[in-house]
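Read off the chains here:
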Amino acid sequence: MSLQQEVRQEFERRFGGRPAFTVRAPGRVNLIGEHTDYNDGFVLPMAIDRAIWIALRPRSDRRVVVRSLDFDQTAEFSLEGLVKEHAEWLEYLKGVAWVLQEANYPLQGWEGVVGGDVPVGAGLSSSAALELATARTFAAVSGFAWDAATMAKLGQRAENRWVGMNCGIMDQMISAAGKAGHALLIDCRSLETQPVPLPPATSVVVLDTATRRGLVDSAYNERRAQCEAAARFFGVTALRDVSMAQFEARAAELDDVTRRRARHVITENARTLEAVEAMRRGDAVEVGQLMNASHVSLRDDFQVSSDKLNTMVTCAIREASCYGARMTGGGFGGCAVALVRSSSAHAFAASVARSYETATSLAPNIYICAATNGAEVVQGLA
Ligand code: GLA
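Figured I'd write up the structure that's included with this text. (Residues numbered from 1 in each chain as written. Predicted model: local features only at pLDDT ≥ 70, side-chain atom pairs only at ≥ 80, totals over all residues. Heavy atoms only, no water.)

### Some words on the sheet that holds strand 7 (residues 182–187)
Link 1 in the chain: Strand order in the open sheet formed by three strands is 2-7-8, and the pairing between neighbours is antiparallel. A single partner strand is all that each edge strand has here, and the edge strands are strand 2 (42–43) and strand 8 (193–197).
Link 2 in the chain: Relative to strand 8, strand 7 runs antiparallel, the two being bridged by five bridges. Bridge pairing in strand 8 links Ile186 to Thr193.
Link 3 in the chain: Seen against the sheet, helix 5 (residues 170–177) touches strand 2, strand 7 and strand 8 and runs at an angle of roughly 130° to strand 7.
Link 4 in the chain: Helix-sheet contacts for helix 8 (residues 256–281) involve strand 2, strand 7 and strand 8, and the interaxial angle to strand 8 is about 50°. (Pairing = 2+ DSSP bridges. Helix = DSSP H or I, 4+ residues; strand = E, 2+ residues; numbered from the N terminus. Contact = heavy atoms within 4.5 Å. Axes fitted to C-alpha atoms, helices over the stretch in contact; angles between N-to-C directions.)

Written as structure tokens, this is what we have:
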């Protein structure tokens, strides 16, 4: 049974009658452009065929009643006087309700069932998917217009201000605005997006190391602070505004760590734009090389990789069918991503699983992913 059917069936069992709406919002994998979003730079993620689904109907009062399939819990809250608590998954829904109300969207209550297949904590943005599914639900129930960039910014605000994670805009933006069959170039300053087709006959394969990032918030915030310090040194708003030539002219004046952090962001922005051109030409070899270079830069200059991520990337790029691979997302654990010849994708997955397990004694999860649309109300049964 599909997840869509599962949430609908559970809705009928719990609440009686048919759901009025079914919404989905996807997780994501980033192909290239890592740790560039909070530097006003460029990212190239795609929305994946793993998503959060909600089957729901409006209520006449201002209560939200939600059954979670994954956590086997039913919880509820009132839209009046929202307060932060500890029941984790529910806080994402409350946070979104809070930012929407703060931005003067009039909200109505609803009841529904939520379920998903975005692995939690793997770096595939299950939180952004839950935030955008919630925003899409409120838009459907309360009848306000859906604007992807506006909703992404509000989702990010919920994450920053309610959940307390200081993330950039990439995850929410791709979950809101993804395009089936395409990656999305996002200019994280203007929030303009351009769909970019995947190279013909290639597949995107997500390689979950089965390790989870540890004290990631502090390392992430530290990287952000280092990037801001580098931007101040160059006298610009964000590292997006520093060209390679400007960097090289003054790099020697920077301390070693700041120099590495800035070099990663500046070269990664350039690689991302080059990858877009290569994808438009259908040049999978070039895209793969840029992904490999991105990994080296994240490992050596930005220093957010891990032994397991490095091992996974090594296992992947050893395969003849692999154009390139890199760690993806925040780092320190979670997933790598590979671009692979489609006809060999299953054999690639099996072979990498074996070699990674031999090297680490860990069993990885491997997903061959299709690029899907961003958050949407789904008509009919998928
Ligand atoms: C996390 C954050 C994103 C982005 C990536 C790194 O996924 O949520 O905003 O900064 O790390 O590219």
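Okay, back to it.
### Notes on the sheet that holds strand 9 (residues 202–208)
Link 1 in the chain: Across the sheet, four strands lie side by side as 10-11-9-12; this open sheet has antiparallel pairing. Two strands bound the open sheet, and with one partner strand each, they are strand 10 (322–327) and strand 12 (365–369). Sheet twist, expressed as the mean angle between neighbouring strand axes with direction ignored, is 20°.
Link 2 in the chain: Both strand 10 and strand 11 (residues 335–341) contribute to a ladder of five bridges, which runs antiparallel. Counterpart to Met327 in the pairing with strand 11 is Ala336.
Link 3 in the chain: Sitting on the sheet, helix 9 (residues 284–300) is in contact with strand 9, strand 10 and strand 11, with an inclination near 25° to strand 10.
Link 4 in the chain: Contacts from helix 10 (residues 307–317) reach strand 9, strand 10 and strand 11 within the one sheet, and its direction differs from that of strand 10 by about 175°.

### Thoughts on the packing of aromatic side chains
Link 1 in the chain: What the rule picks out here adds up to eight aromatic pairs.
Link 2 in the chain: With centroids separated by 4.5 Å and ring planes inclined at 50°, the aromatic side chains of Tyr105 and Phe144 adopt a geometry described as tilted. With a gap of 39 residues between them, Tyr105 in the loop between helix 2 (88–102) and strand 6 (110–116) and Phe144 in the loop between helix 3 (126–142) and helix 4 (148–163) connect regions that are remote in the sequence. Per residue, the accessibility class of Tyr105 equals that of Phe144, and both read buried.
Link 3 in the chain: One aromatic cluster is present, built from ring pairs that chain together Phe233, Phe234 and Phe247.
Link 4 in the chain: Sitting over the face of the ring of Trp162, Lys84 holds its NZ or CZ atom 5.6 Å from the ring centroid. (Phe/Tyr/Trp six-rings, centres within 6.5 Å; stacked < 30°, edge-to-face > 60°. Buried < 20%, exposed > 50% of the residue type's maximum accessible area, 1.4 Å probe, protein only. Lys NZ or Arg CZ within 6 Å of the ring centre and 35° of its normal.)

### Quick word on empty space enclosed by the protein
Where empty space is left becomes clear once a probe the size of a water molecule has been rolled over the atoms.
Link 1 in the chain: Applying the stated criterion to the full structure yields one cavity of 30 Å³ or more.
Link 2 in the chain: Each pocket or cavity is described by its volume, and for the largest cavity that value is around 40 Å³.
Link 3 in the chain: Tallied by class, residues from the lining of the largest cavity come to one nonpolar, seven polar and one charged. (1 Å grid on protein atoms, 1.4 Å probe; cavity = no way out; pocket = protein on both sides within 12 Å on 5 of 7 lines; lining within 4 Å. Points joined across faces, edges and corners; volume = space filled by probe spheres on them. Nonpolar A, V, L, I, M, F, W, Y, C, P; charged D, E, K, R; others polar.)

### With respect to the environment of Ala55
Link 1 in the chain: Positionally, Ala55 belongs in strand 3 (residues 45–58).
Link 2 in the chain: The sequence separation of Ala55 and Val7 amounts to 48 residues, and the corresponding C-alpha distance is 5.7 Å.
Link 3 in the chain: The residues contacting Ala55, other than those within four sequence positions of it, are Val7, Arg8, Phe11, Pro19, Phe21, Thr22, Glu111, Gly112 and Val113.

### Quick notes on the state of the cysteines
By definition, a disulfide is the covalent link that joins the sulfur atoms of two cysteine residues.
Link 1 in the chain: Taken as a whole and judged by the stated rule, the model has zero disulfides.
Link 2 in the chain: Between Cys167, a free cysteine, and Cys188, which holds the nearest cysteine sulfur, the sulfur-to-sulfur gap is 11 Å.
Link 3 in the chain: Exposure remark for Cys167: the relative accessible area of 6% places this residue in the buried category.
Link 4 in the chain: Cys335 forms no disulfide, and the closest cysteine sulfur to it belongs to Cys369, at a distance of 8.8 Å.
Link 5 in the chain: Classification of Cys335 as buried rests on a relative accessible area of 1%. (Disulfide = S-S within 2.5 Å.)

### With respect to the side chain of Asp187
Link 1 in the chain: Along the chain, Asp187 turns up in strand 7.
Link 2 in the chain: From its side chain, Asp187 meets the backbone nitrogen of Arg189 in a polar contact 2.8 Å long.
Link 3 in the chain: If we ignore the near neighbours within four places in the chain, the residues touching Asp187 are Asp40, Gly41, Phe42, Glu192 and Arg240. (Polar contact = N/O pair within 3.5 Å; in protein donor to acceptor, adjacent residues only side chain to side chain.)

### Let's talk about the nonpolar core
One recurring pattern in soluble globular proteins is that nonpolar side chains are buried together.
Link 1 in the chain: Residues Leu100, Trp110 and Phe138 are the most contacted members of the largest nonpolar core, which totals 51 residues.
Link 2 in the chain: Among the nonpolar cores identified, the runner-up in size contains 36 residues, and Tyr38, Leu207, Leu298 and Tyr356 belong to it. (Core = buried A, V, L, I, M, F, W, Y, C linked by side-chain atoms within 4.5 Å.)

### A closer look at the site of the ligand
Link 1 in the chain: Taken together, Arg28, Glu34, His35, Asp37, Tyr38, Cys167, Gly168, Met170, Asp171, Tyr220, Gly329 and Gly330 make up the full set of residues adjacent to the ligand.
Link 2 in the chain: The side chain of Arg28 places a nitrogen or oxygen atom 3.1 Å from an oxygen atom of the ligand.
Link 3 in the chain: At a separation of 2.6 Å, an oxygen atom of the ligand approaches a polar side-chain atom of Asp171.
Link 4 in the chain: When the ligand is considered free in solution it has 310 Å² of accessible area, and contact with the protein chains removes 95% of it.
Link 5 in the chain: Comparing atom positions with the cavity grids shows the ligand to sit within the largest pocket.
Link 6 in the chain: Within the shell around the ligand, the residues separate by chemical class into four nonpolar, four polar and four charged. (Near = heavy atom within 4 Å. Areas by Shrake-Rupley, 256 points an atom, 1.4 Å probe, with all protein chains shown as cover. Sits in = over half its atoms within 2 Å of the grid points.)

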